[in-house]
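Here is how the chains run, residue by residue.
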Amino acid sequence: MARSLEQIQQQIAKLQQQAETLRSKEVAGVISRIKVAIEHYGLTAEQLGFGSVPSATKSTKNKTTGRVQNTKTASRVKFSDGSGNSWSGMGKRPNWLREALAAGRSIDEFFTDKAMANASTAQRPTKSRKKRRPSTVMYRDDAGHSWTGRGPQPRWLKEALVAGKSLEDLKG
């Protein structure tokens, strides 16, 4: 049965109206469930992330239940170009900053904190890193290969053992 374009468009309009009616009923149900949950748990707009400050998640422990839950804390903008682009300094550098640096601008120009802008990059604090203990070599061969005894045996050691040497011979 061939239908005209007008009949199909009328059917589409009717289906869209039905879909909108169903959607509004579902939204009303979701909203009522959310309101019940907000009232039950005593949640505030700030806890739900409706504060005026952009935020990042942070885990905290709920005093009443003892459970760990995510709350919102403000992330600090450290770099900005004055055109609405900003970056906290965490993660990969954004494209706008990479392009500006490639064009010859200095990263110091984008600091939002004036005290940091005046400080040179060499004077900025760096994260302290845990110093590693030097590994102790347990086994060594005449060719200069070495192995600490940790992890899987290297190929040179396996070949030496197959050739008839013992671990005591290679102790070094």
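Draft legend 1. Region of the structure containing the overall build of the chain. The helix and strand tally for the chain stands at 5 helices and 6 strands. The helix and strand sequence of the chain, counted from the amino end, reads α-β-β-β-β-α-α-β-β-α-α. Counting only residues that meet the buried cut, the chain has 10% of its 172 residues in that class. Restricting the contact set of the chain to residue pairs at least 6 apart, pairs at least 24 apart contribute 18%.

Draft legend 2. Broad picture of a nonpolar patch on the surface. Together, Tyr 41, Leu 43, Leu 48 and Phe 50 line one region of the surface with nonpolar side chains, adding up to about 450 Å² of accessible area. By the secondary structure assignment, Leu 48 is in the loop between α1 (5–41) and β1 (55–61).

Draft legend 3. Region of interest: the nonpolar core. Ranked by size, the top nonpolar core spans 8 residues in total: Phe 79, Trp 87, Trp 96, Leu 97, Ala 100, Ile 107, Phe 110 and Phe 111. Excluding its chain neighbours within four sequence positions, the residues that come into contact with Leu 97 are Trp 87, Ile 107 and Phe 110.

Draft legend 4. The side chain of Asp 141, seen in detail. Relative to the assigned elements, Asp 141 resides in the loop between β5 (139–140) and β6 (146–147). With no salt bridge to any partner, buried Asp 141 finds its closest opposite charge in Lys 165, at an N-O distance of 7.2 Å. A polar side-chain atom of Asp 141 sits 3.2 Å from the main-chain amide nitrogen of Gly 144. A distance of 2.7 Å separates a polar side-chain atom of Asp 141 from the backbone nitrogen of His 145.

Draft legend 5. Region of the structure containing the packing of aromatic side chains. Within this structure, the stated rule accounts for 4 aromatic pairs. Between Tyr 139 and Trp 147 the ring centres are 5.5 Å apart and the planes differ by 25°, which places this aromatic pair in the stacked class. A connected cluster of aromatic rings, assembled from ring pairs, spans Phe 79, Trp 87 and Phe 111.

Draft legend 6. Fine view of helix α2 (residues 95–102). Regarding α2, the residues found buried are Trp 96, Leu 97 and Ala 100. For α2, the angular spread of buried residues about the axis comes to 95°, placing them on one side. Turned more than 90 degrees away from the buried face of α2, the exposed residues are Glu 99 and Ala 102. Along its buried surface, α2 packs onto β3 (79–80) and β4 (86–87). Positive backbone phi, approximately 105°, marks Gly 104, located one or two places after α2.

Draft legend 7. Geometry of helix α4 (residues 155–162). Considered for burial, the residues of α4 that qualify are Trp 156, Leu 157 and Ala 160. Seen end-on, α4 carries its buried residues on one side only, within an arc spanning 100°. The exposed set on the far side of α4, more than 90 degrees from its buried face, consists of Arg 155 and Val 162. Here the buried face of α4 lies against β5, β6 and α5 (167–170).

Draft legend 8. Expanded view of the pattern of salt bridges. Under the counting rule described, the total for this entry stands at 2 salt bridges. Here Arg 105 ties to Glu 109 by a salt bridge, and the two come within 2.9 Å at their closest N and O atoms. Look at Arg 105 and you get partly exposed, because its relative accessible area is 41%. We note a salt bridge from Arg 155 to Glu 159, for which the minimum N-O separation is 3.7 Å. Residue Arg 155 and its partner Glu 159 are located together in helix α4, separated by 4 residues, close to a single helical turn. Using a relative accessible area of 66% as the deciding quantity, one classes Arg 155 as exposed.

Rules behind the numbers
Residues numbered from 1 in each chain as written. Predicted model: local features only at pLDDT ≥ 70, side-chain atom pairs only at ≥ 80, totals over all residues. Heavy atoms only, no water. Helix = DSSP H or I, 4+ residues; strand = E, 2+ residues; numbered from the N terminus. Buried < 20%, exposed > 50% of the residue type's maximum accessible area, 1.4 Å probe, protein only. Contact = heavy atoms within 4.5 Å. Patch = residues over 30% accessible without salt bridge, like charges linked within 9 Å, V, L, I, M, F, W, Y side chains within 5 Å. Areas by Shrake-Rupley, 256 points an atom, 1.4 Å probe, with all protein chains shown as cover. Salt bridge = Lys/Arg side-chain N within 4 Å of Asp/Glu carboxyl O. Core = buried A, V, L, I, M, F, W, Y, C linked by side-chain atoms within 4.5 Å. Lys, Arg positive; Asp, Glu negative; His and termini not counted. Polar contact = N/O pair within 3.5 Å; in protein donor to acceptor, adjacent residues only side chain to side chain. Phe/Tyr/Trp six-rings, centres within 6.5 Å; stacked < 30°, edge-to-face > 60°. Arc of directions from axis to C-beta.

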